[in-house]
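Residues per chain are reported as follows:
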Amino acid sequence: MKLLKKLLSSIVILFLVLTVFFSTLAVGLFVYGEVSGQQLIPEFHTVQDAKRWLKSVGESTNIPFLSSYLSSIKTSDTPSADVTEQLQTYDSEFYPYFQMLNADQKIVYAQLVEAVEGCQDSLTMSVYGLDYEAAEDVWEAVFYDHPELFWLEESASFHYYPNGGVTSIDLHYNELADNLEYHKSLFDEAVNGLLGQAQQYSSSYDKEMYLHNALVELCEYDLNASCSQSAYSALVNHSSVCAGYAKAYQLLMMRCGIPCYYASGWSGENHAWNITRIDDEFYNVDVTWDDGTHTFIFFNRTDADLAGTHQRMDLSLQLPACQGELHHNTEPIPPIDINALSSGS
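Residues numbered from 1 in each chain as written. Predicted model: local features only at pLDDT ≥ 70, side-chain atom pairs only at ≥ 80, totals over all residues. Heavy atoms only, no water.

**Some details on the overall build of the protein**
Scanning the protein for helices and strands turns up 13 helices and nine strands. When burial is assessed residue by residue, the protein has 48% of its 345 residues classed as buried. Looking at the protein alone, contacts between residues at least 24 apart form 60% of all its contacts between residues at least 6 apart. Roughly 17,200 Å² of accessible area belongs to the protein as shown, and the carbon and sulfur atoms make up 53% of that amount. (Helix = DSSP H or I, 4+ residues; strand = E, 2+ residues; numbered from the N terminus. Buried < 20%, exposed > 50% of the residue type's maximum accessible area, 1.4 Å probe, protein only. Contact = heavy atoms within 4.5 Å. Areas by Shrake-Rupley, 256 points an atom, 1.4 Å probe, with all protein chains shown as cover.)

Structure representation (structure tokens):
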């Protein structure tokens with residue numbers, strides 16, 4: 001009996017020793033795998049969790065490469081001064097999609113804007129743990145908040161860690177990026193010409209109506225339009241689809257100091273229109289559909305008005321409800337002079 005007890009005790013001790021040995025070996029292989037580029041990363045919710053785990057392992061075992069691994073982990077705890085300053089510029093009045101993001105997403109948002117402005121091919125994530133859905137929301141927020149980035153294409157590519165966290169985003173640009181400074185000058189000239197005319201009106205409503213009419217007169221709907229997802233297509237090429245109309249209107253209104261948002265949704269097919277704030281009330285404006293009829297059927301409409309035709313989707317569901325009354329069903333200002341628009345006077 002004593003011999004049996006000793007045997008069982010020896011087996012238990014051996015089991016415990018082997019367990020500790022193989023656990024240590026597995027952790028060592030994990031760290032080595034990461035440092036050597038094999039990306040054997042377990043799933044953590046935050047980079048702080050990853051650091052805490054690795055530090056606790058390091059205190060109890062002698063794992064090579066641990067310090068170099070820890071120093072290689074990127075964290076969003078201390079964003080750069082440039083990014084921190086940029087974050088302060090995105091107020092809720094003009095950048096609603098930015099406000100829909102969490103703290104880590106906002107950091108990536110600011111870095112993504114900077115990357116697009118510099119025409120970088122890709123952005124390496126500085127925040128560990130954002131999954132595809134969270135990273136896609138960041139990209140969508142930038143695309144919807146920034147009509148001035150007219151060289152950015154409507155799609156991006158995402159790369160992942162094995163645990164699903166996004167490691168980097170590949171950015172895609174349209175043909176305008178090849179000679180960007182030249183196209184920026186054409187874009188600015190077109191925008192400034194319209195703004196010069198709009199500033200003749202004193203009220204936000206009159207400016208809103210003027211810019212609506214201007215786009216209806218200047219732009220033609222064309223499914224084959226070049227760079228059709230950009231404000232450039234409507235303002236410079238005068239040929240676009242709903243996304244181009246909506247981005248052009250958004251940019252012009254923002255430059256007049258009037259809050260105007262890009263709304264994405266469904267109208268029998270994927271569609272884009274605008275939500276504007278006039279005299280502290282929100283309205284829907286669909287310049288594209290008004291261009292088809294040269295009327296004001298879809299100008300300053302409530303959500304109830306468009307309940308059967310326009311359904312918001314994705315992040316646009318979080319935009320303000322449109323229930324304005326003051327400028328609902330009001331008469332338009334006199335028609336604009338198309339010749340004055342064409343000459344930029």
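**Side note on the layout of surface pockets**
Looking at the largest pocket, its volume works out to about 530 Å³. Put simply, the parts of the chain that give the lining of the largest pocket at least two residues each are helix H7 (132-145), helix H11 (242-255), strand S6 (260-266), strand S7 (270-278) and helix H12 (287-293). Here the residues of the lining of the largest pocket sort into twelve nonpolar, seven polar and five charged. (1 Å grid on protein atoms, 1.4 Å probe; cavity = no way out; pocket = protein on both sides within 12 Å on 5 of 7 lines; lining within 4 Å. Points joined across faces, edges and corners; volume = space filled by probe spheres on them. Nonpolar A, V, L, I, M, F, W, Y, C, P; charged D, E, K, R; others polar.)

**A short note on the nonpolar core**
With 87 residues, the main nonpolar core has Tyr109, Phe187, Leu211, Leu235, Tyr249 and Leu252 as its most contacted residues. Here this core gets ten residues from one element, more than from any other, and that element is H11. With residues near it in sequence (within four places) discarded, Phe187 still touches Phe150, Ala231, Tyr232, Leu235, Val236 and Leu251. (Core = buried A, V, L, I, M, F, W, Y, C linked by side-chain atoms within 4.5 Å.)

**Some details on the packing of H7 against H11**
Axis separation between H7 and H11 bottoms out at 10 Å; the angle between their running directions is 65°. With respect to their mutual orientation, H7 and H11 come out roughly perpendicular. Residues Phe143, Tyr144 and Asp145 of H7 lie in contact with H11, whose contacting residues are Lys247, Gln250 and Met254. Classifying every residue of the contact of H7 with H11 gives three nonpolar, one polar and two charged. (Axes fitted to C-alpha atoms, helices over the stretch in contact; angles between N-to-C directions. Parallel < 35°, antiparallel > 145°, perpendicular 65-115°, else oblique.)

**Thoughts on the confidence of the model for the protein**
Residues of the protein with pLDDT of at least 70 account for 70%, and the chain-wide mean is 80. Note on residues 22-78: pLDDT under 50 across the span, and 70 contacts to partners over four residues away in sequence or across chains. Below a pLDDT of 50 lies the segment residues 338-345, which in the model reaches twelve contacts outside its immediate sequence neighbourhood of four places, other chains included. (pLDDT = per-residue confidence, 0-100.)

**Side note on the packing of helix H8 (residues 180-198) against helix H9 (residues 204-218)**
It is at 10 Å that the axes of H8 and H9 come closest, and there the two elements cross at 135°. Between H8 and H9, the interaxial angle falls into the category oblique. Crossing of H8 against H9: the hand is right-handed. For the pair H8 and H9, contact is made by Leu194, Gln197 and Ala198 and by Lys207, Tyr210, Leu211, Ala214 and Leu218, respectively. (Left-handed = near helix turned anticlockwise from the far one by under 90°.)

**Quick look at the packing of aromatic side chains**
Within this structure, the stated rule accounts for 19 aromatic pairs. Ring plane angle 75° and centroid distance 5.0 Å describe the contact between Tyr90 and Tyr109, whose orientation is recorded as edge-to-face. A residue pair is termed long-range when its members are at least 10 positions apart, and Tyr90 in the loop between helix H4 (81-87) and helix H5 (96-99) and Tyr109 in helix H6 (residues 103-117) qualify at 19 residues. Under the relative-accessibility criterion, Tyr90 is labelled buried at 5%. With a centroid separation of 5.0 Å and an interplanar angle of 80°, the aromatic rings of Trp289 and Phe298 are classed as edge-to-face. For Phe298, a relative accessible area of 14% gives the class buried. Counting every residue linked through ring pairs, the aromatic cluster contains Tyr97, Trp139, Phe143, Tyr144 and Tyr262. Positioned above the aromatic ring of Phe143, the side-chain terminus of Lys247 is 4.1 Å from the ring centre. Between Lys247 and the ring centre of Tyr262, over which it is positioned, the NZ or CZ distance is 5.0 Å. (Phe/Tyr/Trp six-rings, centres within 6.5 Å; stacked < 30°, edge-to-face > 60°. Lys NZ or Arg CZ within 6 Å of the ring centre and 35° of its normal.)

**A closer look at H7**
With 14 residues, H7 ought to run about 20 Å at 1.5 Å a step, and its terminal C-alpha atoms sit 20 Å apart, in line with that. Summarising burial for H7: ten of the 14 residues are buried, a large majority. Of all the positions in H7, only Ala134, Ala135, Val138, Trp139, Glu140, Ala141, Val142, Phe143, Tyr144 and Asp145 are classed as buried. Contacts made by the buried residues of H7 are with H5, H6, strand S2 (152-160), strand S3 (166-173), H11 and S6. (Expected span 1.5 Å × (residues − 1).)

**A closer look at H9**
With 15 residues, H9 should reach 21 Å at 1.5 Å per residue; the first-to-last C-alpha distance of 21 Å fits that figure. Counting buried positions along H9 yields twelve of 15 residues, so the element is predominantly enclosed. What H9 keeps buried is the set Tyr205, Lys207, Glu208, Met209, Tyr210, Leu211, His212, Asn213, Ala214, Leu215, Val216 and Leu218.

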